[in-house]
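A structural walkthrough
Below, each chain spelled out in residue letters.
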Amino acid sequence: MEQDSAGAPARASLLNDPKARGLFYQLVLIVALVTLGYVIVTNTIANLERQNIASGWGFLENTAGFGIIQSLFPYSETSSYGTALLVGLFNTILVAVVGIFFATIFGFVIGIARLSNNWVISRLAYCYVELVRNVPLLLQIFFWYFAVLRAVPGKREKWSLFDTIHLNIGGLRLPKPIWEPGSHMIGIALIVAIIASIVISRWAHKRQDATGQQFPMFWTAVGLIVGLPVLAYLVMGMPMYWEHPNFVETGPILRRGFELNVGINVIPEFLALTAALAIYTAAFIAEIVRAGIQAVSHGQTEAAHALGLRNGPTLRLVVIPQAMRVIIPPLTSQYLNLTKNSSLAVAIAFPDLVSVGGTVLNQTGQAIEIIGIWMGVYLSLSLLTSAFMNWYNQRMALVER
Amino acid sequence: MSNKILPLVLGAAMGVAATTAAGATTLEDVKAKGFIQCGVSQGLPGFSNPDSQGNWTGLDVDLCRAMAAAVFGDASAVKFTPLSAKERFTALQSGEVDVLSRNTTWTMSRDTQLGLNFAGVNYYDGQGFMVRKDLGVTSALELSGASVCTNTGTTTELNVADYFRANNMPYEIVAFEKADEVVAAYDAGRCDVYTTDASGLYAQRLKLTNPGDHMVLPEIISKEPLGPVVRQGDDEWFNIAKWTLNAMLNAEELGVTSANVDEMKASDNPSVKRLLGAEGAFGEAIGLSNDWAYNIIKNVGNYEESFNANVGPDTPLGISRGVNALWNAGGFMYAPPVR
C-alpha cells in the first residue's frame, strides 16, 4: 500500500502508520469542532428563547424610521432596516475605496521621498512616518474632524474657490451634474475611449517590441478619454448642466447658508474620516514601499544607468516593477486594515455599516443577526480585496525566462 | 495524544453549556459576589456622573445604591459600568450588569421583544430641542432645514425623524455614538440644533463653552418615561427593583426622610410601620430582610431627597419637580402602597 511510498516499514501495524494516524487526528479534530459549533449554536438558541428575545431576519423588512445624513442612493425614514444597512455598506465601501486610493498615492510618494538623496525631503518623510504611525488612529480621526470643524467658516459663511467649490462647517459643496436625455452618449463615448486606449496600447507595445520605437501612449490615452466624451457632449447639444450649490444670504438666520439638497455636499464627517484613514495608512504603505525598493539590488540601478536610462525611467521601468513583488503582499494587509478601520467612523457620526448597524441593533435588539451581518460583510470585503490583490500579485510576479 | 484532545475539547464544550444554562437567580448571584453591578450612562450630570475621584452620583445612581441598601444594608455595595446607549441592552441581557439604571425610555418594543422588564419610572422626561439664542428661533416648528445633532441608537433619533416628517420640514441628522462628541460638535457649530431628552439638554448645556448662549425650545415632542430595567424571567429580582423605587416614593409621601427615619420607626401610622418593617413581613416577601426599606431611606433617602440633591432647583441643573412631583402634589409619581 502507500506505506511504501511514505517510506514506513511495510509490516507496520495500522496504529503506527503515519498516514492513518494523521487522518485519525484530523477526523477527531473535525468531529470536536463540529460538536463545539453545534453546542454553541443550540445553546445560544435555547438561551435566546429562555430570555424571550426574538430572533430571525424578519426585522430587515420593518420600517427604519431614522434619518441618515449621507446616502449614495435614495433613502428616507420610511425605508426598511435592510435598506438602511445597505446605505451603511455602500458608505463603508466608498470610504474604503477613496481612502485606499489616496493612501496608495501618499504612501508611494512618501516611501520614495524617504529614499531621496535630498536630506530635507528624506527627513521630512521620516518624521511623517514616525509621527503618524505612532499616534492611535481614533485620536487622529478626532483630530481631523474637530480640526476641520474649528478651522472652517460657520454655517452662514463660506470659503469659495472660483465660485464653484465652497467649504464651510456643513461640508464641501460642489456643483452637481444633472443629466438630460441624450447624455448616455457621453458615457458610451467614455467606454469607447477606454477600449480604444487599450487597443492602441497593445499595438504600441508590439510596435516597440518590433522596431524599438516608442509611442506617446500616455498623452494619446488622455486625449481620447477626455476628448471623446467632450466631443459627444458637444454633438448631442450639451445634454448636461451643472447645478450649483445655492447660498442664501438674507432672511431668517436659520435659513441662511447653503440650501439642503442642492448641489453635491461632501459632509465633514466623510472628509475627516477619509483624511485620517488615508494619512494613517499611507505611513505604513510608505515603509512597505521603502522596504520593497531597498529589496531591489543596487546593481539593477547601476545596470540601468549603464544602459543610459535616466533616474526617472530607471525607477519607473526597472526598480518599481521588481519592488512590486515585495510590496504587494504587505500592501494587501494595509488595504484590509484600512477597510476594517473605517468602522471607527461611528465616533464622528459618519454613517458607515457599523454606525447604521448599531442603530438598527439598538432599535430592534437583534444583536446576533446584526453582528452576523457585520462579520459577514467585513469578511467578504477582506476576501474580495485579497483575492484581487493575489490576482494582481500573480500578474506582477517575476516571470522567469 | 488524541485521547487527551478529545476529552479536553468535549469537556470545554460541556463547560460552556453548563455555565450558561445553569440558572442561579440574580439575587443569589448578587449575594454571592457581594455587590450589585449597575449599568449607568457614561456621564450625564444629575443622573449618573463620576466625579474626579470616580465616585458616581445622580438620580439613576441613587436607585442602584438604594437597591444595594435593600439587599446588603450597605449603599456602597455597588459597582458601576458606564454604558453607551448602544451597549446597554446587550450588557443587561448577557448578565454583565444586574440592573440598568441609565435614563432609558420605557417603550413597548423594549419591554416585550428584548427579554427585559422595566421596573418603573424614576423620571418622567420628554424630548426637547436646544438652539443658539442668536438664531432667533422661538419654536421647534421654525426649524425647517436645520441640521440636528443627537446620539445614535436612541428613541431620540426616531422621535426627531417623526417630528420633522410630520411637520413636513426637511432636516439633516448628525448622529454620534457618545454624548460628549455630540456636545463638542454642537458647540463647534456643526449643527443648529441639539436634541435629546430635556433633562439631558439641561445637563449637557453645562458642558458647553457658553451655556448662557443657548436655550431649550418650549416644545416637548415625545413621552420619555425613564426608569430602571432588569432581565425578564427573574421575578424575585424584578420585585426588588420595583419595590426599591416604590419604597423611595412611598417614603416621600409618608414624610419619612433619612434624617427622621429612626424616629419614624416608632410612629403609630400603620403605613409607616409596614414600610419600615415594624409591622408585617413585607421584606421577607421579596427575599430580603424586613428592614429593607429602612436601609434604603437611612442610607440613600427618599425620592424627594434624591431628586433635590441631584437635579433639583438648587443644583446646577435647576430642574423643578414639574410632572415628577408626587400624585398628590400635581405630578405623575404614584407608588402602590406597601400592604
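Residues numbered from 1 in each chain as written. Chains lettered and ligands numbered in written order. Predicted model: local features only at pLDDT ≥ 70, side-chain atom pairs only at ≥ 80, totals over all residues. Heavy atoms only, no water.

Looking at an unreviewed UniProt entry, one finds chain B named Amino acid ABC transporter substrate-binding protein, with Roseibium porphyridii as its source organism. In UniProt, chain B has this text filed under Sequence similarities (unreviewed entry): "Belongs to the bacterial solute-binding protein 3 family." (UniProt positions renumbered as here; feature names shortened; annotations may be inferred.)

Looking up chain A in an unreviewed UniProt entry gives the name Amino acid ABC transporter permease, with the organism given as Roseibium porphyridii.

The UniProt record marks residues 35-264 of chain B with the feature "domain: Solute-binding protein family 3/N-terminal" (unreviewed entry), using the residue numbering of this structure. Regarding residues 35-264 of chain B, the helix share stands at 35% and the strand share at 23%, and the terminal C-alpha atoms are separated by 28 Å. (Helix = DSSP H or I, 4+ residues; strand = E, 2+ residues; numbered from the N terminus.)

A few words on the confidence of the model for chain B. All names here are of chain B. Summing up the model confidence of chain B, the mean pLDDT is 87 and the portion of residues at 70 or higher is 93%. Per-residue pLDDT, averaged within each element of chain B, yields its smallest value for helix H1 (residues 2-21) (42) and its largest for strand S5 (residues 99-100) (95). Every residue in residues 1-22 is under pLDDT 50, and counting partners more than four places away or in other chains gives 16 contacts. The complex model carries a pTM of 0.75, and its ipTM stands at 0.74. (pLDDT = per-residue confidence, 0-100. Contact = heavy atoms within 4.5 Å.)

This part is about the interface of chain B and chain A. Every contact between the two is made by 54 residues of chain B and, on the other side, 52 residues of chain A. Buried surface at the junction of chain B and chain A, both sides included, amounts to about 4300 Å², of which 57% is carbon and sulfur. When the area that chain B buries against chain A is broken down by residue, the three leading residues are Lys86(B), Leu158(B) and Arg190(B), summing to 14%. Applying the counting criterion to the chain B and chain A interface returns one salt bridge. Arg190(B) is the partner of Glu269(A) in a salt bridge, and the nearest nitrogen-oxygen pair spans 2.8 Å. (Buried area = accessible area lost by both parts, 1.4 Å probe. Salt bridge = Lys/Arg side-chain N within 4 Å of Asp/Glu carboxyl O.)

With that out of the way, let us pick up the UniProt feature "domain: ABC transmembrane type-1" (unreviewed entry) in chain A. UniProt's entry tags residues 89-389 of chain A with the feature "domain: ABC transmembrane type-1" (unreviewed entry), counted in the numbering of this structure. Along residues 89-389 of chain A the backbone is 68% helical and 9% strand, and the end-to-end C-alpha distance reaches 21 Å.

So, on to the packing of aromatic side chains. Per the counting criterion, the structure on display carries 26 aromatic pairs over all chains. A centroid spacing of 6.5 Å and a plane angle of 25 degrees characterise the contact between Trp57(A) and Phe59(A), whose relative ring orientation is stacked. We classify Phe59(A) as buried; its relative accessible area is 4%. On the numbers, 5.1 Å between centres and 85 degrees between planes, the contact of Tyr124(B) with Phe332(B) is edge-to-face. Of this pair, Tyr124(B) sits in strand S7 (residues 123-125) while Phe332(B) sits in the segment after helix H14 (303-310), placing them 208 residues apart in sequence. Given a relative accessible area of 26%, Tyr124(B) falls into the partly exposed group. (Phe/Tyr/Trp six-rings, centres within 6.5 Å; stacked < 30°, edge-to-face > 60°. Buried < 20%, exposed > 50% of the residue type's maximum accessible area, 1.4 Å probe, protein only.)

Quick look at the pairing of strand S2 (residues 165-168) of chain A now. Along any regular strand, the residues point their side chains to alternate faces of the sheet. All names here are of chain A. Burial along S2 is one-sided: the residues His 166 and Asn 168 are buried and none of Ile 165 and Leu 167 is. Bridge count between strand S1 (residues 159-161) and S2: three bridges; the pairing is antiparallel. Bridge pairing links Leu 161 to Ile 165 in S2. In this structure, the hairpin formed by S1 and S2 is closed by a connection of three residues, where Phe 162 is found at a positive phi of approximately 55 degrees. Both S2 and strand S3 (residues 171-174) contribute to a ladder of three bridges, which runs antiparallel. The partner of Asn 168 across the bridge, within S3, is Gly 171. (Pairing = 2+ DSSP bridges.)

A word on empty space enclosed by the protein. Enumeration over the complete set of coordinates arrives at three cavities of 30 Å³ or more. The calculated volume of the largest cavity comes to roughly 110 Å³. As for the largest cavity, its lining consists of 14 residues, and the residues nearest its centre are Gly67(A), Pro351(A), Ser355(A), Glu157(B) and Ala175(B). Broken down by class, the residue content of the lining of the largest cavity amounts to nine nonpolar, four polar and one charged. (1 Å grid on protein atoms, 1.4 Å probe; cavity = no way out; pocket = protein on both sides within 12 Å on 5 of 7 lines; lining within 4 Å. Points joined across faces, edges and corners; volume = space filled by probe spheres on them. Nonpolar A, V, L, I, M, F, W, Y, C, P; charged D, E, K, R; others polar.)

On to the nonpolar core, then. Trp237(B), Leu276(B) and Trp292(B) are the most contacted members of the largest nonpolar core, which has 62 residues in total. Listed in part, the 58 residues of the second largest apolar core include Leu277(A), Ala347(A), Ala349(A) and Ala188(B). (Core = buried A, V, L, I, M, F, W, Y, C linked by side-chain atoms within 4.5 Å.)

Before going further, it helps to spend a moment on the pattern of salt bridges. Within this structure, the stated rule accounts for eleven salt bridges over all chains. Arg190(B) is the partner of Glu172(B) in a salt bridge, and the nearest nitrogen-oxygen pair spans 3.9 Å. With Glu172(B) in strand S10 (residues 172-176) and Arg190(B) in the loop between helix H7 (179-188) and strand S11 (193-197), the pair connects residues that are 18 residues apart, well separated along the chain. You can call Arg190(B) buried: its relative accessible area is 0%. Salt-bridge contacts for Arg321(B) lead to Glu252(B); the nearest nitrogen and oxygen are separated by 3.1 Å. Within this pair, whereas Arg321(B) is found in the segment after H14, its partner Glu252(B) is found in helix H9 (residues 235-254), the two being separated by 69 residues in sequence. Take Arg321(B) and Glu252(B): they sit in the same class, and that class is buried. Among the charged side chains, a network of salt bridges with common partners joins Arg114(A), Glu130(A), Arg133(A), Glu287(A) and Arg290(A).

A separate point is the sheet that holds S11(B). All names here are of chain B. The five strands are arranged S10-S9-S11-S8-S12 in an open sheet whose pairing can be described as mixed. Either end of the sheet is taken by a strand with one partner, and the two such strands are S10 and strand S12 (214-216). Taken pair by pair, the neighbouring strands of this sheet meet at an average axis angle of 25 degrees, ignoring direction. Here strand S8 (residues 127-132) runs beside S12; their pairing, made up of three bridges, is antiparallel. When the bridges of S12 are listed, Arg 132 appears paired with His 214. Sitting on the sheet, helix H6 (residues 155-166) is in contact with S8, strand S9 (147-151), S10 and S11, with an inclination near 75 degrees to S8. (Axes fitted to C-alpha atoms, helices over the stretch in contact; angles between N-to-C directions.)

Residue and element names in this part refer to chain A. What the four strands build is an open sheet, ordered S1-S2-S3-S8; its pairing is antiparallel. Unpaired on one side and paired on the other, S1 and strand S8 (264-266) mark the two borders of the sheet. Between one strand axis and the next, the sheet turns by 20 degrees as a mean value, whatever way the strands run. Along the sheet face, helix H8 (residues 268-295) touches S2, S3 and S8 and points at about 50 degrees away from the line of S8.

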